[in-house]
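Close look at the chain arrangement
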Amino acid sequence: MKSKPIVPRSETSRDVEEVIDHYLSENAEQAALGFIDALEKAYAHIARHPATGSPRYSHALNMPGLRSWPLTRYPHLVFFIERDDHIDVWRVLHGQRDIPAWLVNDTDPADRH
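Let us look at the structure shown here. (Residues numbered from 1 in each chain as written. Predicted model: local features only at pLDDT ≥ 70, side-chain atom pairs only at ≥ 80, totals over all residues. Heavy atoms only, no water.)

Focus: the nonpolar core
Membership of the largest hydrophobic core comes to 18 residues, with the highest contact counts inside it found for Phe-35, Leu-39, Leu-71, Val-78 and Val-92. Every element with two or more residues in this core is listed here: helix 1 (10-25), helix 2 (29-48), strand 3 (76-82) and strand 4 (87-94). Per-element tally for this core: the top contributor is helix 2, with 7 residues. In terms of nonpolar packing, the next biggest core, distinct from the first, is built from 9 residues, Tyr-57, Leu-61, Phe-79 and Trp-90 among them. (Core = buried A, V, L, I, M, F, W, Y, C linked by side-chain atoms within 4.5 Å. Buried < 20%, exposed > 50% of the residue type's maximum accessible area, 1.4 Å probe, protein only. Helix = DSSP H or I, 4+ residues; strand = E, 2+ residues; numbered from the N terminus.)

Regarding helix 1
Over its 16 residues, helix 1 extends 22 Å from the first C-alpha to the last, a length consistent with the 22 Å expected when each residue adds 1.5 Å. Of all the residues in helix 1, the buried ones are Glu-11, Thr-12, Asp-15, Val-16, Val-19, Ile-20 and Tyr-23. Those residues of helix 1 that are buried are in contact with strand 1 (6-8), helix 2, strand 3 and strand 4. Positive phi appears at Asn-27, one or two residues downstream of helix 1, with a value of about 55°. (Expected span 1.5 Å × (residues − 1). Contact = heavy atoms within 4.5 Å.)

A short note on unusual backbone geometry
The backbone of Asn-27 shows a phi angle near 55°, a positive value even though the residue is not glycine. Within the secondary structure, Asn-27 sits in the loop between helix 1 and helix 2. The class of Asn-27 is exposed, set by a relative accessible area of 73%. Although it is not a glycine, Arg-73 adopts a positive phi angle of roughly 65°. Tracing the backbone shows Arg-73 in the loop between strand 2 (66-70) and strand 3. Among the residues examined, Arg-73 registers a relative accessible area of 73% and is labelled exposed.

Focus on the side chain of Ser-68
Residue placement: Ser-68 occurs in strand 2. Classification of Ser-68 by relative accessible area gives buried; the value is 5%. Excluding residues within four positions of it along the chain, Ser-68 makes contact with Gly-53, Ser-54, Tyr-57, Val-78, Phe-79 and Phe-80.

Right under this line is the structure:
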């Protein structure tokens, strides 16, 4: 299967920066680097196999097409929607957050192309 380009939203970039800043503020540079590596691996997987992401929050929030994929060894989930020509990465959130509240407060992902 051909990989689709990963296109993170501005919210996604802020999410990632917050996680990295948190690890660096805790003097956990290796954790920050590991997080980046895990995120890159998750993006590579999603780019090749977007249908393997969980539709759990899609059903719970009535947001068709929304899927999530967990980062290896980190408690974060990548939220995305597969488009015809790319993967729209919507958020990268800690799995213990109130995910539905974070997602409902954002713009409907179906509106972004």
